Amino acid sequence: MRKDPATPALGMVLKGFPRISETFISNEILLLEAAGHRVHIFSMRAPREPFTHESVKNIQAQVDYLPSSFFTGMGVLLKENGLLYPEKKAEYASAWRMAARHYARNRKLATVKHLFQAGCITRRLPASGLTALFAHFAHSPASVARFAHLLSGLPFAFFAHAKDIYTQDPASLQEKIAAARFVATCTEHNRRHLKEIARGTTTPLFCVRHGINLSLFSDERENVRPAPPFRILTVSRMAEKKGLDIVYRALALLRDRGVAFRHEHVGDGDDRPQISALIAELGLKKQCRLAGTLTHDRVIALFRKADLFVLGCRVAKNGDRDGIPNVLVEALAMGVPSACPRVSAIGEIIENERTGLSVSPEDPAALARGMERLLTDAALRAAVIENGKALVKKRFDNSANVGKLLSLHRSQGFL
């Protein structure tokens, strides 16, 4: 049943909605709605993928799509802000001062677009019944939410994740933290980093882990003994921080050691041509398949068949890095032993030789050795499978973690 539009709502500012890689956001919205709360989504761009996860169809939230380009959307942006300006002259003066300060720092016209998008949001507030604004990601969504906060007076907060923390100008991030009612992030590693950037601001910083819907995952592989050719799975975007070149070089070493396997990669991205070329260069075309982007149901089906899950996470040249990839949580929940380099917050889920194997970063040989151990050492496999599932149940239950976020919203007066 659709929520009564007269009830108070949480305004959620998102980079895009829906996005195939952001199941944690759609699950969060579903659980907020299940708890009786109304959510109103402001998406900074339209969907880019031709399909979405089945669960998104159950979301009741109204979605307003903001003009995504300053140039193609100029007519709407100017009209909406022109109509708002007469009643918000003082607020616009404050917002323009902030925009000028940001532009002097980053020289990006997107700053102006974010201000105008915030004006569009503010124009729609009287009819929306919003009590607060909450942005997912600390870069552009938090910028739009902060501008809307200046124009409307509504409190705002944001959830910081990974790239948005480590590739953003620290001075800009510090200003956003200082202005927000609260900030949440998904790992303790991130929270410590944000605390260092905040430099004594009074804004509370919370670690609220992303979780998964445990009911979607089963233990079907618990008693299955792996046998060659082993089935190895990687699920990731094709981007520098995912370290896919490390994965494929490790797979080549595994092949050279006489280990028979089939590797499947799920996901897509700008680096696909380079990855395809590397697979050919390493002579892995017979063993490796690029499946492209798949729905969550199909990914779960692949987990059920997998003998091993592997990632090659690294810190990219621009500082970008993963927090805890949700697919790693899903692998452990499915009882699939996992190997991954020790970077960022990976140690908060992969405890070496207890819940999986963590290896030195940028080291294909170490990753290859770790994969072979997990495929052939029956005692180690049994231990990491049992401990991994227990850790996910304790630390990454989506209902419990969204419940913590819901408590935060309530304690901070957002709901």
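Right above here is the structure, for reference.
In short, a report on the structure. The structure presented is a predicted model; accordingly, all values stated were derived computationally and were not measured.

## Things to note about the overall build of the protein
When you go through the protein residue by residue, the secondary structure sums to 15 helices and 13 strands. Against the 2.2 N^0.38 benchmark of 22 Å for 415 residues, the protein shows a C-alpha radius of gyration of 22 Å, consistent with a compact globule. Here the protein holds 415 residues, and the buried ones make up 56% of them. Relative to all contacts within the protein whose residues are 6 or more apart in sequence, the contacts with residues 24 or more apart total 74%. A total accessible area of about 17700 Å² is found for the protein, and carbon and sulfur atoms account for 51% of it. If you average the places of the 59 positive and of the 40 negative side-chain charges in the protein, the two averages end up 3 Å apart.

## Looking at the sheet that holds strand β2 (residues 38–43)
Taken together, seven strands build an open sheet; the order of strands is β3-β2-β1-β4-β5-β6-β7 and the sheet is parallel. Each edge of the sheet is formed by a strand with only one pairing partner; in this case those strands are β3 (62–65) and β7 (205–207). Averaged over all neighbouring strand pairs, the angle between strand axes comes to 20°, with direction disregarded. In this structure, strand β1 (residues 9–14) lies alongside strand β4 (residues 130–136), joined through five bridges in parallel fashion. When the sheet's bridge partners are listed, Val-13 is paired in β4 with Ala-135. Each of β5 (156–160), β6 (183–185) and β7 is contacted by helix α8 (residues 188–198), which is oriented at about 170° to β7, the strand it contacts most.

## Points about helix α5 (residues 140–152)
Along its 13 residues, α5 runs 18 Å from first to last C-alpha, staying within 8% of the 18 Å computed at 1.5 Å per residue. With ten of its 13 residues buried, α5 lies for the most part within the structure. Those residues of α5 that sit buried are Ser-140, Pro-141, Ala-142, Ser-143, Val-144, Ala-145, Arg-146, Phe-147, Ala-148 and Leu-151.

## Regarding the sheet that holds strand β9 (residues 261–266)
In spatial order, the strands read β10-β9-β8-β11-β12-β13; together these six strands make up an open sheet with parallel pairing. Here the strands that pair on one side only, and so sit at the sheet edges, are β10 (288–292) and β13 (357–359). Direction aside, the axes of adjacent strands within the sheet are offset by 20° on average. Note that β9 and β10 share four bridges and pair parallel.

## Some words on the packing of aromatic side chains
One pass over the full model with this rule turns up nine aromatic pairs. Between Phe-303 and Phe-309 the ring centres are 5.5 Å apart and the planes differ by 45°, which places this aromatic pair in the tilted class. On the accessibility criterion, Phe-309 (0% relative accessible area) is buried. Chaining the aromatic ring pairs together yields one cluster made of Phe-70, Phe-71, Trp-96 and Phe-116. Over the ring of Tyr-166 we find Arg-321; its NZ or CZ atom is 4.0 Å from the centre of that ring.

## Looking at the packing of helix α3 (residues 89–106) against helix α4 (residues 110–124)
Helix-helix packing is described using two parameters, namely the angle between the two axes and the distance between the axes. Relative orientation of the contacting elements α3 and α4 amounts to 155°, with a least axis distance of 9 Å. Judged on the interaxial angle alone, α4 and α3 are roughly antiparallel. When the axes of α3 and α4 are compared, the crossing they make is right-handed. Each of Tyr-92, Ala-95, Trp-96, Ala-99, His-102, Tyr-103 and Asn-106 in α3 lies in contact with α4, whose residues at this interface are Thr-111, Val-112, Leu-115, Phe-116 and Gly-119.

## Let's talk about the pattern of salt bridges
With the rule as written, the count across this model stands at 22 salt bridges. Among the ionic pairs, Asp-320 bridges to Lys-241, the shortest N-O distance being 3.4 Å. Here the residue Asp-320 occupies a position in the loop between β11 (308–310) and α12 (326–333), and Lys-241 occupies one in the loop between β8 (230–235) and α9 (244–256), the gap between them amounting to 79 residues. For the pair formed by Asp-320 and Lys-241, the shared burial category is buried. Glu-351 is the salt-bridge partner of Arg-354, the closest N and O atoms lying 3.0 Å from each other. Assessed through its relative accessible area of 23%, Glu-351 is described here as partly exposed. Members of the salt-bridge network, linked through shared partners, are Arg-101, Arg-105, Arg-146, Asp-169 and Glu-175.

## Overview of the pairing of β1
Burial within β1 is extensive, with six of its six residues counted as buried. Alternating residues of β1 divide into Ala-9, Gly-11 and Val-13 and Leu-10, Met-12 and Leu-14, and every residue in both groups is buried. Note: β1 against β2, six bridges, orientation parallel. Following the sheet pairing, Ala-9 is matched in β2 by Arg-38. In this fold, β1 hands off to helix α1 (residues 23–34), which returns the chain to β2; that crossover is right-handed.

## Observations regarding α9
Its 13 residues give α9 an end-to-end C-alpha distance of 18 Å, which sits within 8% of 18 Å, the value for a rise of 1.5 Å per residue. Among the residues making up α9, those that are buried are Leu-244, Ile-246, Val-247, Tyr-248, Ala-250, Leu-251, Ala-252 and Leu-254. Packing partners of the buried residues in α9 comprise β8, β9, α10 (272–281), β10, β11 and α13 (364–376). Gly-258 sits one or two positions beyond α9 and adopts a positive phi of about 85°.

## With respect to the pairing of strand β12 (residues 338–341)
Remember that side chains alternate between the two faces of the sheet whenever the strand is regular. Neither face of β12 is open: one carries Ser-338 and Cys-340, the other Ala-339 and Pro-341, and all of them are buried. Note: β11 against β12, two bridges, orientation parallel. Note on β12: the bridge partner recorded for Phe-309 is Ser-338. Considered for its hand, the β-α-β crossover made up of β11, α12 and β12 is right-handed. Looking at chain direction, β12 and β13 are connected through three bridges and run parallel. Within the sheet, the bridge partner assigned to Pro-341 lies in β13 and is Val-359.

Cut-offs used in this document
- Residues numbered from 1 in each chain as written.
- Predicted model: local features only at pLDDT ≥ 70, side-chain atom pairs only at ≥ 80, totals over all residues.
- Heavy atoms only, no water.
- Helix = DSSP H or I, 4+ residues; strand = E, 2+ residues; numbered from the N terminus.
- Rg over C-alpha atoms; globule rule 2.2 N^0.38 Å.
- Buried < 20%, exposed > 50% of the residue type's maximum accessible area, 1.4 Å probe, protein only.
- Contact = heavy atoms within 4.5 Å.
- Areas by Shrake-Rupley, 256 points an atom, 1.4 Å probe, with all protein chains shown as cover.
- Lys, Arg positive; Asp, Glu negative; His and termini not counted.
- Charge placed at Lys NZ, Arg CZ, Asp CG, Glu CD.
- Pairing = 2+ DSSP bridges.
- Axes fitted to C-alpha atoms, helices over the stretch in contact; angles between N-to-C directions.
- Expected span 1.5 Å × (residues − 1).
- Phe/Tyr/Trp six-rings, centres within 6.5 Å; stacked < 30°, edge-to-face > 60°.
- Lys NZ or Arg CZ within 6 Å of the ring centre and 35° of its normal.
- Parallel < 35°, antiparallel > 145°, perpendicular 65-115°, else oblique.
- Left-handed = near helix turned anticlockwise from the far one by under 90°.
- Salt bridge = Lys/Arg side-chain N within 4 Å of Asp/Glu carboxyl O.
- Right-handed = clockwise from strand over helix to strand, strands pointing away.

The analysis is restricted to geometry; functional conclusions fall outside its scope.
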